[in-house]
Amino acid sequence: MDDSSGSLQPTMENEYTNDATPQECTPTVIPAEMMLQRLESFEDCTQIAQAFISYLRKKDEMDPHRPIRESYKPTIVQQYVYPFLANREHVMVRAPTGSGKTIAFLLPIIESLLRQGPNADGNPRCIVLADTRDLVEQHWKVTNSIVEELDAIGQHLTTECFIGGFGGSDRNSVPYGKFIGGRVKCDIAFFTAGRLAELLGGYRRIDGSLSPKKLSLCDLQYLVIDEADEIFFPQKFSMEIDKLGDSLKECYQSFVSVGKEYNPSLSLYSATLVQSDIQIQRAIEKLTNGATMDNFGFVALDIVRPNIVQQILKFDGFIQKFNALVQLLDRDLKANGTTRANCRTHEHYDYSTIIFCDTKSTVYCLTSMLVMMGFYVKFHNGSLSMPHRRENDVLLNQRKLPFLVTTNALARGIDKPYIKHIIMFDLPVTNWDAYTHRVGRTGRSDSIGYATIFFTTNQVNDQRRGPLLLRTLYLMKQKLPRFLLNNYGPSVFSEEFMNDIQQSEQVPNFEGDDTQESESSFISLAQLAGPEESVNADGRDTLDDDDVLSNMTTVLPEEEEMLASEQNDLSEWAEVSRLTETRPALVAPAKAFTNPATSAFRTMFAKINGSSNAIRDVRKDALHDTATGASTFYESENESLKSDGDLTTYSKRTENWKERLIPKNFKAFIQRDHPQREK
Ligand SMILES: Nc1ncnc2c1ncn2[C@@H]1O[C@H](COP(=O)(O)OP(=O)(O)OP(=O)(O)O)[C@@H](O)[C@H]1O
């Protein structure tokens, strides 16, 4: 035990203290007896420790960017979650991205299931739910790797993974999601929300039929919900969660009727989970047998991420953003020792980059444009078919892919080696939490990562995202750009804190520059982590439209085919528009061009093709000039939120976020000031 007085533990490497925090709160004191229970060493669960250590070592070997570890010990979140799950209690967990939440739940659950011996009826004893197919598949693969290690020491567990997305003939080629006697039979089952609801039976499918029941919850001991705040986000998976709640209630009732107890542990995880979130509270009511917040343990670590160096670049318009993107990608190629001309055939990428956009249409347009300019780039979004996702996955794992353009579909949970740079081409629109998750795709497990954030000055950013961004940077222990501080500081920080800053020569930079990596090959990117002027709206060191156009190369035929076939896959983007036969061909869904946000691209396409008439299926009223495109989009986005009646939800989320209390000294804390849950 580190502190028998039970006082707050500085559990992260973060000794920073500053009294003028945006909001003050007294962290909960950890009772001394609680501190005793944490798992300080893997060897404390001797039976299976070796399997986990061996898995972690192999994982580290796959990514040389990670720190070299002589020995392995549980991360902070793993230490504190362990006692809750070992005692099969309910727990909510908020811990930074890349801090090891997956092992935090797998370790105690696997240990407990192995200790109990074989499962007589074969129904799942643990269900793990996550928000995207990619993440569910990742959890399943991590578990299988550990199961393989366990097999080697004579310990056996079975797993199955159930996700959708394999339509038609693909379904038969999927080697998992197997049924035994028409039922789900395994120890640990992994689901997306839709597949789980479907397999619970009585779930209305798209064709109107009701699904047959293939899954029984009667042996369930653990229900794990990863990215819980996303799963419970209003209107996202509410039908699926209702279905799960109904099935659990049936079990509670049937057990009570025969005088037995049924009380599976519910555990929720996310880097942005908030205990006071009303959606979380409602979900708890649905998914437990009358449990309240008082019956939950709450493990909360702050989102400090000094190992992810974040730089904010400010722009006035869309074209400038694109110019900067091109420059950044060129620098990233240089850091990998290659150039645009050779990037398709480059042997191994030591640093891959993920570019986040807010809409599918921006993803399509950006991908098309970058391909035209000679970059080797693939795209991802929620509509992409599983075979194409798998293709991207393989390319990334083989280090063949330098750039992936995506929506939030890849924002959460994905843990890939070699992702070194995150570019946020758009800031998150509806849910600010996505910021934390997006930048968290790099800097995994204490490695160094870089994130470049594009900030466009417009009304919505001014009113909402500017302050949110400033606050988040502060909480993540990042450098605060002067322009954000001047514009939004007063609405985020106390007067006292602002005065301190104004008097200081330097903009606060809580870590200094020593977080920069020494690897010289990457220094070009690291150097960008300076002030916002590096690539900026002042025209210095940027290309103008004509430069951009002259830099374009013809789309390679196979790339064109790939884009066409991938887009043809997607029913909502089925209509593919080819702009010209003779000039550099561009393939993009016609619908993409009706989004004002992408009007800048459309204008460029028009230039390439000589005349805007060459663009088919473009609504005339959606045509904006490049300078106003982005701001019009943000205004219209605000309008559509209003007209959809979503504005209340949006502001509620925002307010909610503002209410989030971070301990005064940014130290990890654990809350356990409630009575033991009745067993
Ligand atoms: N005890 C440990 N020691 C060293 N590395 C670890 C340890 N536990 C987990 N890791 C590694 O840390 C990485 C991140 O873990 P994980 O994917 O569970 O993060 P996470 O907290 O779930 O992040 P996110 O919020 O993004 O989902 C993984 O590659 C994992 O192998």
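Under an unreviewed UniProt entry, the name given to the chain is ATP-dependent RNA helicase, and the organism recorded is Mesorhabditis belari. The UniProt entry for the chain carries the following text under Sequence similarities (unreviewed entry): "Belongs to the DEAD box helicase family." Its UniProt record gives the chain the following Function (unreviewed entry) comment, quoted word for word: "RNA helicase."

Draft legend 1. Inspection of the sheet that holds strand β9 (residues 352-356) at higher detail. Pairing is parallel across the open sheet formed by six strands, whose spatial order is β8-β13-β12-β9-β11-β10. The open sheet is flanked by β8 (308-315) and β10 (377-380), the only strands paired with a single partner. Sheet twist, expressed as the mean angle between neighbouring strand axes with direction ignored, is 20 degrees. Pairing of β9 with strand β11 (residues 403-406) involves four bridges; the strand directions are parallel. Counterpart to I355 in the pairing with β11 is V405.

Draft legend 2. Looking closely at unusual backbone geometry. Positive phi, close to 70 degrees, is recorded for Y418, a residue that is not glycine. Its location among the elements puts Y418 in the loop between β11 and β12 (419-424). Notably, K477 is not glycine yet its phi reads approximately 65 degrees, a positive angle. With respect to the helices and strands, K477 occurs in the loop between α15 (459-475) and α16 (482-492). The exposure class of K477 is buried, given its relative accessible area of 6%.

Draft legend 3. Seen up close, the pairing of strand β3 (residues 159-162). Both faces of β3 are covered, namely the face carrying T159 and C161 and the face carrying E160 and F162. Where β3 and strand β4 (residues 188-192) come together, four bridges link them in parallel fashion. Counted as the bridge partner of T159 is I188 from β4.

Draft legend 4. Just the environment of I110, in detail. The residue I110 is located in helix α4 (residues 101-116) in this model. In sequence terms I110 and A86 are 24 residues apart; their C-alpha atoms lie 9.7 Å from each other. Those residues in contact with I110, other than ones at most four positions away along the chain, are I48, F52, T143, I146, L150, L157 and I188.

Draft legend 5. Just helix α11 (residues 318-335), in detail. Across its 18 residues, α11 extends 26 Å between first and last C-alpha, which sits within 8% of the 26 Å expected from 1.5 Å per residue. In the segment just after α11, G337 is the residue with positive phi, at about 80 degrees.

Draft legend 6. The side chain of H139, seen in detail. By the element assignment, H139 lies in helix α5 (residues 133-152). The exposure class of H139 is buried, given its relative accessible area of 2%. A distance of 2.7 Å separates a polar atom in the side chain of H139 from a polar atom in the side chain of D226. Filtering out sequence-adjacent residues up to four positions away, H139 remains in contact with T102, F105, V128, A130, F190 and D226.

Draft legend 7. Structural context of the environment of A49. Tracing the sequence through the fold places A49 in helix α2 (residues 46-61). You can call A49 buried: its relative accessible area is 3%. Here the alpha-carbon distance between A49 and L107, two residues 58 residues apart in the chain, equals 8.8 Å. A49 has contacts with F42 and E43, leaving out every residue within four places of it along the chain.

Draft legend 8. The arrangement of the packing of aromatic side chains in detail. Within the structure shown, the criterion is met by 13 aromatic pairs. Aromatic pair F162 and F179: ring centres 5.3 Å apart, planes at 40 degrees, arrangement tilted. A residue pair is termed long-range when its members are at least 10 positions apart, and F162 in strand β3 and F179 in the loop between α6 (170-173) and β4 qualify at 17 residues. Overall, the relative accessible area of 0% leaves F162 in the buried class. What makes F179 partly exposed here is its relative accessible area of 30%. Counting every residue linked through ring pairs, the aromatic cluster contains F162, F179 and F191. Sitting over the ring of F425, K321 keeps its end group 4.5 Å from the ring centre.

Draft legend 9. Main features of the site of the ligand. Close to the ligand lie 23 residues, the nearest being R66, K101, T102, D415 and R444. Within the side chain of R66, an N or O atom sits 2.8 Å from an oxygen atom of the ligand. Taking T102, its side chain carries an N or O atom lying 2.7 Å from an oxygen atom of the ligand. Surface burial for the ligand is 96%, taken as the share of its 640 Å² of free accessible area covered by protein chains. Put simply, the parts of the chain that give the shell around the ligand at least two residues each are α2 and α4.

Draft legend 10. Summary view of the side chain of H380. Looking at the element boundaries, H380 is found in strand β10. In this view, H380 contacts D134, V363, R389, N392, L404, V405, T406, T407, A409 and L410; residues no more than four positions away in its chain are not counted.

Draft legend 11. Looking closely at the nonpolar core. Formed by 70 residues in total, the largest nonpolar core has its most connected members in L325, I355, L370 and Y435. If one sorts the elements of this core by residue count, α11 sits on top with eight residues. If sequence neighbours within four positions are ignored, L370 has contacts with F322, L325, V326, L329, I355, F375, V377 and V405. Counting 51 residues, the second largest nonpolar core, distinct from the first, contains F52, L107, F190 and L301.

Draft legend 12. Molecular detail of the pattern of salt bridges. Counted by the stated rule, this structure contains 24 salt bridges. In this structure, the salt-bridge partner of K321 is D426, at a minimum N-O distance of 3.2 Å. Of this pair, K321 sits in helix α11 while D426 is found in the loop between β12 and α14 (433-439), placing the two residues 105 residues apart along the sequence. What emerges from the salt-bridge pattern is a single network uniting K59, D60, D63, R66, R69, D415 and R444.

Draft legend 13. Fine view of the environment of S247. The residue S247 is located in helix α9 (residues 238-257) in this model. The spatial distance from the C-alpha of S247 to the C-alpha of A197 is 9.3 Å, given a sequence separation of 50 residues. If near-sequence neighbours (up to four positions away) are discounted, S247 is found in contact with L200 and L217.

Draft legend 14. Spotlight on the packing of α2 against α4. At their nearest, the axes of α2 and α4 sit 11 Å apart, and the two run at 150 degrees to each other. Overall, the two elements α2 and α4 adopt an arrangement that is roughly antiparallel. Two packed elements cross with a definite hand, and for α2 against α4 that hand is right-handed. Taken together, the residues of α4 that come into contact with α2 (itself represented by I48, F52, Y55 and L56) are I103, L106, L107, I110, E111 and L114. Of the residues belonging to the contact of α2 with α4, the class tally is nine nonpolar, no polar and one charged.

Draft legend 15. Local environment of the pairing of β8. Most of β8 sits out of view: seven of its eight residues are buried. Summarising the sheet, β8 and strand β13 (residues 449-456) pair through eight bridges and their orientation is parallel. Bridge pairing in β13 links Q311 to T452.

Parameters and conventions
- Residues numbered from 1 in each chain as written.
- Predicted model: local features only at pLDDT ≥ 70, side-chain atom pairs only at ≥ 80, totals over all residues.
- Heavy atoms only, no water.
- UniProt positions renumbered as here; feature names shortened; annotations may be inferred.
- Pairing = 2+ DSSP bridges.
- Helix = DSSP H or I, 4+ residues; strand = E, 2+ residues; numbered from the N terminus.
- Axes fitted to C-alpha atoms, helices over the stretch in contact; angles between N-to-C directions.
- Buried < 20%, exposed > 50% of the residue type's maximum accessible area, 1.4 Å probe, protein only.
- Contact = heavy atoms within 4.5 Å.
- Expected span 1.5 Å × (residues − 1).
- Polar contact = N/O pair within 3.5 Å; in protein donor to acceptor, adjacent residues only side chain to side chain.
- Phe/Tyr/Trp six-rings, centres within 6.5 Å; stacked < 30°, edge-to-face > 60°.
- Lys NZ or Arg CZ within 6 Å of the ring centre and 35° of its normal.
- Near = heavy atom within 4 Å.
- Areas by Shrake-Rupley, 256 points an atom, 1.4 Å probe, with all protein chains shown as cover.
- Core = buried A, V, L, I, M, F, W, Y, C linked by side-chain atoms within 4.5 Å.
- Salt bridge = Lys/Arg side-chain N within 4 Å of Asp/Glu carboxyl O.
- Parallel < 35°, antiparallel > 145°, perpendicular 65-115°, else oblique.
- Left-handed = near helix turned anticlockwise from the far one by under 90°.
- Nonpolar A, V, L, I, M, F, W, Y, C, P; charged D, E, K, R; others polar.

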